[in-house]
Amino acid sequence: MTARQKAVFTVMYFIIMAILTFPCTHFILEKLYVAGGTTLEEAKRKARELNAQHQNTQMYFKSWLLQNAPDKSKVENLYRLYSLSRLPAAFFCMFAIMGLFTHIFDTFLHIGMILVPIYLLVLAIVGKVQKNKEE
């Protein structure tokens, strides 16, 4: 495998990891909706409505959640946690794209290829435990 092929493989790997972040962090999103005093269906309807208006969906969606929330600080913290939980895969994906043009980040990316799946596995386990605890 050439250096260029390895770089492309690394980019594809981290894109897949970034996509896998969404189902692994879904439990945080569910808790965010509950804390915001809404349901998944209502949140999807509101997101579609904001997208149709071509507005900054995330900013307006967060303020909409805060308006309905009985505990605004909990919603803020859960929103921040959800945003930060998606960051590692996106962060390594960015470095993988830069790795297409330079090999400075190769060691860093190899470490990320181990850490990101472990991180996603931990998130999935925590989500499963939280779901079982609620039932």
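Residues numbered from 1 in each chain as written. Predicted model: local features only at pLDDT ≥ 70, side-chain atom pairs only at ≥ 80, totals over all residues. Heavy atoms only, no water.

### As for the overall build of the protein
- In terms of regular secondary structure, the protein is built from seven helices and zero strands.
- Secondary structure elements of the protein, listed N to C terminal, follow the sequence α-α-α-α-α-α-α.
- The C-alpha radius of gyration computed for the protein amounts to 18 Å, which surpasses the reference 14 Å derived for 135 residues by more than 25%, pointing to a less compact arrangement than a globule.
- In terms of overall dimensions, the protein has C-alpha extents of about 55 × 40 × 20 Å along its principal axes.
- Pairs at least 24 apart in sequence give 73% of the contacts found in the protein among residues at least 6 apart.
- Within the structure as shown, the protein displays about 8,800 Å² of accessible surface, and the carbon and sulfur contribution to it stands at 67%.
- Charge-centre separation for the protein: the mean point of 15 positive side chains lies 4 Å from the mean point of 9 negative side chains. (Helix = DSSP H or I, 4+ residues; strand = E, 2+ residues; numbered from the N terminus. Rg over C-alpha atoms; globule rule 2.2 N^0.38 Å. Contact = heavy atoms within 4.5 Å. Areas by Shrake-Rupley, 256 points an atom, 1.4 Å probe, with all protein chains shown as cover. Lys, Arg positive; Asp, Glu negative; His and termini not counted. Charge placed at Lys NZ, Arg CZ, Asp CG, Glu CD.)

### Considering helix α3 (residues 40–52)
- Spanning 13 residues, α3 covers 18 Å between terminal C-alpha atoms, matching the ideal 18 Å at 1.5 Å per step.
- Buried within α3 we find Ala-43, Lys-46 and Leu-50. Down the axis of α3, the buried side of the element spans an arc of 65 degrees, and every buried residue falls inside it. Across from the buried face of α3, at angles greater than 90 degrees, the exposed residues are Glu-41, Arg-48 and Ala-52.
- Against the buried residues of α3 lie α2 (26–35) and α4 (57–68). (Expected span 1.5 Å × (residues − 1). Buried < 20%, exposed > 50% of the residue type's maximum accessible area, 1.4 Å probe, protein only. Arc of directions from axis to C-beta.)

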